[in-house]
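Descriptive analysis of the structure
Below are the chains, spelled out letter by letter.
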Amino acid sequence: MSNWCNQLLKEVICLKDISKSINRVDNDEKASGQAKYVADIKYEGMLYAITVRSSIVKGEIINIKYPNLPEGYYVVDYKDIPGKNIVKVIFSDMPVFTEKTISYLYEPIALLVGPDKEVLNKLLKQVSIDYKEDEGVFDWVDSVIHYSFDKGDGKKAFSNKRIIEYTYETSYQEQAYIETQGFVGYPEEEKTTLIGSIQCPYYVKNAVIQALGETEDNVRVIQATVGGAFGGKEEFPSLIGCQLAVAVKKIKKPIQLVYEREEDMLVTTKRHPAKIKFKAAIKDDRIYALGVFAGIDGGATIGLSGVVLSRALIACTGVYTIDHLDVSGDVFKTNTVPNGAFRGFGAPQMFFAIEMFVEHVALALGKDVLEFKKAHLAKQNDFTSTMGIFRDPILIPEMIEKAMEKSLYLEKRKEYDKPNSYKGIGMSIFFHGCGFTGSGEKNVIKAKVRLKKDGDLVYILVAAVEMGQGIKTGFRKLVSHMLDIDIERVIFNNPDTDFVPDSGPTVASRTMMIVGGIIARATKEVKNRWQENTFVVEKEYEQPDYIEYDEETFKGDAYPAYSWGVNIVEVEVDKYSYQVNIKNAWSVYDVGKAIDEKIVTGQADGGLAQGLGYGYLEVMDHRVGKIRQKNMTDYIIPTAMDMCPMKTYLFDNPYAFGPYGAKGVGELSLIGGAPAVAMAIEQAIKRRVHKIPVTPEYIMELIKNGEN
Amino acid sequence: MAKISFKLNDQIVEFESDLNRRLLDVLRDDFNLTGPKEGCGEGECGACAVLLNHEIVNSCCTPLANVIGQEVITIEGFSKTKRYEVIKNAFANTGGVQCGFCTPGMIIATESLLNKNPHPTDFEIRIGLSGNLCRCTGYNLIVEAVKEAFKVGEGLW
């Protein structure tokens, strides 16, 4: 081939659209079973740990009697904690091991550690604990966080108007990652090292530093291959990471702490159940003002609950512009398992509620639902609920058109409206704010990214975690594309805090947009200095100038950018059993620019499946503080039989500060599933749905007593 | 304790063990075959799936007694075959792998399905995969992978 030809070919490759898919870089090791997850890692002389837990929901420990331990077995409890007995998270109110006070069932008290799991299980049964037992609180009465804000005329806007009110409820959802929580820890001279199934290496490291009272140099956290996380491995691993670190520090041997499924289901954080009441003031056939009163069940500790509530409240108007708002919300403390991060982080609850509410208001006014929704859609330069501005173009009208065209929505909607069709089609419209709320990235996270060029190779040094979402492929593709080099020459190993800077947690749909944005800036410098053989480039997050947000007053731009989505879901409900059968699903997303279409499609499908499951299938509840679903048999997540063919269409709408225009992807696709399936079921049964999951039992109740 | 012998990944293995141990533990602890995973420990998720006489079983619910004199193939053994190459490439091409924890089990399920039914319909594929839980993909791209596998691998099954 001539030089000229080569040059031309190179330019064509250069100009190649980054969205064009490549195969993931981790396919081979995962498919062949060679990838090492926590439970696959073994060390010579490794011990095992199991957790001693409370058997009451509330009260105090009077006395604990441990059995005589055989040689080589240990108890590790609060007395062994060299530093602070508190797990460092956003709101630190959870002890590493409880000393005395019990505030939920199965609260961790100690670890039993030793070489044989069977012996440990026998010993665990012989631990006897005396309590002074109190009555647990399960009603939502003890508000531990209260937020409120308004927009426009606030409360005043409701006087002398027609008022329409409805209340919506959502229940628990369990992340149900197929790999349970776990760590392996070991001592390295003075250092305590943990390898974990985690989303946030530096959250764990900082929590362990505090619990051990250690210096930064003496705590090391490494990410193992992660078998799914979905928010469940955001803050919870900090708790068990601290427990294991205390055990390693005491015993000075390698120790494995891996949960069995039952333990994982009963004691790990879940999606907050929510109750949301809306009040609309109607003027000229439009929603003139909206009142929002949201409560979420935080469980026994606060942890991230305040942030979940604030993200829910910010999303209270859905994709609609409403000029006058009166918004308030509470986190309630109950004697139940603490709730925490789960993909969507408050948005799935609020979008289910607001999408149903706007539809129900339209019906109450005798309006066409779609036209009513379209008349309220937010437009570019509109004020958000917090008086920020939607600065980028909003493509929702075109996205709705696309989704309707592909699904034959209008024809089906009409056909299924016939009595006794038991078929339905529903549409949800939603967004997700990308990255941390407000100035969180600038003031709290302060992400740092390092790239190292070494001869022919470029190393990406960040703390972002591959947990299935495809970021290993995404980042390597991004850098290789920008440098126009083979992807094999870009290295991105699992983060190890001894070698990577703190680029922040792998959460909040921030990884490609925020961390990827910094990587892109660093890559530009690498490209400019390409002739140098070995050097390191370090960059920090730079917040766009226009972002200003006041967390106290909920005023300003809550997010630098928004991703948008439309879901259409078609169902059939069995006339006799009321089983819901999902027939088809169509999704249209604006994620700025897909860094890889196949990866985004995978996120789209998987998120939708979780959102659908949340909407009609996944039942979790508690009785006097005890979670009733303790395994995959009781807690039903969708199987291949429950899911349907899914079609996804992407709209480009580049965001100026994202790499190649990319915005957030991960959480968006979970948000629309529940309202879309709920609306489809509504049409099928000709009744209004006010809570999820829409189970056959609930459908039966609605058919008997529900509003048409 | 009893003397046990079975065929594991093309080799005859002989050792002493309790007959009521779970095959999953034997594979992972005694033979360091960590491709089969423990996801639920009660036969619900399929992450521990292996082939027993070329049919899928959950190794977490299979006592060692059940495999005496039988043939067990784990993902480590199956990954040396041409059928695996075809299935693996199909999973890669369609995007059927995400976190990867269910993937070895899904591949075993695909092999077990195609071995019995080389040209399954979409519905038959979904039935064939319904004993394996995946929380990442929504199954859509895995179903596509199985379809690609039997087309590309025409004649292999």
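Residues numbered from 1 in each chain as written. Chains lettered and ligands numbered in written order. Predicted model: local features only at pLDDT ≥ 70, side-chain atom pairs only at ≥ 80, totals over all residues.

What follows is about unusual backbone geometry. All names here are of chain A. Between I692 and P693 the backbone carries a cis peptide bond, its omega angle lying at 0°. Positive phi is not limited to glycine here, since N420 has a value of about 55°. Along the chain, N420 turns up in the loop between α11 (409–416) and β16 (423–433). For N420, a count of 8 C-beta atoms within 10 Å corresponds to the exposed category. Although it is not a glycine, D484 adopts a positive phi angle of roughly 55°. By secondary structure assignment, the location of D484 is in the loop between α13 (471–483) and β19 (490–491). (Helix = DSSP H or I, 4+ residues; strand = E, 2+ residues; numbered from the N terminus. Buried ≥ 20, exposed ≤ 12 C-beta atoms within 10 Å, placed from the backbone.)

Once that is clear, we can look at the sheet that holds strand β14 (residues 286–299) of chain A. Residues and elements named next belong to chain A. Spatially, 5 strands are ordered β7-β15-β14-β13-β8 in an open sheet, and the strand pairing comes out mixed. Of all the strands in the sheet, the pair left with one neighbour each is β7 (143–151) and β8 (162–170). Pairwise comparison of adjacent strand axes, ignoring direction, gives a mean angle of 10° for this sheet. Across 10 bridges, β14 lies against strand β15 (residues 324–333) in parallel orientation. The residue bridging V292 from the neighbouring strand is V327, located in β15. Sitting on the sheet, helix α7 (residues 305–314) is in contact with β7, β14 and β15, with an inclination near 165° to β14. (Pairing = 2+ DSSP bridges. Axes fitted to C-alpha atoms, helices over the stretch in contact; angles between N-to-C directions. Contact = placed C-beta atoms within 7 Å.)

What follows is about the nonpolar core. In this structure, I519, V677 and I681 of chain A are the most contacted members of the largest nonpolar core, which totals 285 residues. With residues near it in sequence (within four places) discarded, I519 of chain A still touches V449, I460, V462, F475, L478, V479 and P659 of chain A. (Core = buried A, V, L, I, M, F, W, Y, C linked by C-beta atoms within 7 Å.)

Right, let's get into the environment of I568 of chain A. Residues and elements named next belong to chain A. Among the structural elements, I568 can be located in strand β23 (residues 562–573). Taking the C-beta count within 10 Å as the criterion, I568 has 27 such neighbours and is therefore assigned buried. For the pair I568 and P544, spaced 24 residues apart in the sequence, the C-alpha separation amounts to 34 Å. In contact with I568, other than residues within four places in its own chain, are A403, S407, Y409, I425, M427, A585, W586 and A676.

Turning our attention to the pairing of β14 of chain A. Residue and element names in this part refer to chain A. Here β14 lies mainly inside the structure; 11 of its 14 residues are buried. Across 10 bridges, strand β13 (residues 274–283) lies against β14 in antiparallel orientation. Bridge pairing in β14 places I276 opposite A294. If you look at the hairpin formed by β13 and β14, you'll find 2 residues sitting between the two strands, and D284 has a positive phi there, around 50°. Where the polypeptide runs from β14 across α7 and back to β15, its parallel neighbour, the crossover connection is right-handed. (Right-handed = clockwise from strand over helix to strand, strands pointing away.)

Bringing the confidence of the model for chain A into the picture now. Overall, the prediction assigns chain A a mean pLDDT of 96, with 98% of residues at 70 or greater. For the stretch residues 8–14 of chain A, pLDDT sits under 50, and the model shows 1 contact to residues farther than four places along the chain or on other chains. (pLDDT = per-residue confidence, 0-100.)

Counting from both sides, the interface comprises 41 residues of chain B and, opposite them, 42 residues of chain A. Mapped by element, the contributors of at least two residues to the side of chain B that touches chain A are α2 (75–78), α3 (82–94), α4 (103–116), α5 (122–129) and α6 (140–152) of chain B. At 4 residues, the largest contribution of residues to the side of chain B that touches chain A is made by α3 of chain B. Of the residues contributing to the side of chain B that touches chain A, the split by class is 19 nonpolar, 14 polar and 8 charged. (Nonpolar A, V, L, I, M, F, W, Y, C, P; charged D, E, K, R; others polar.)

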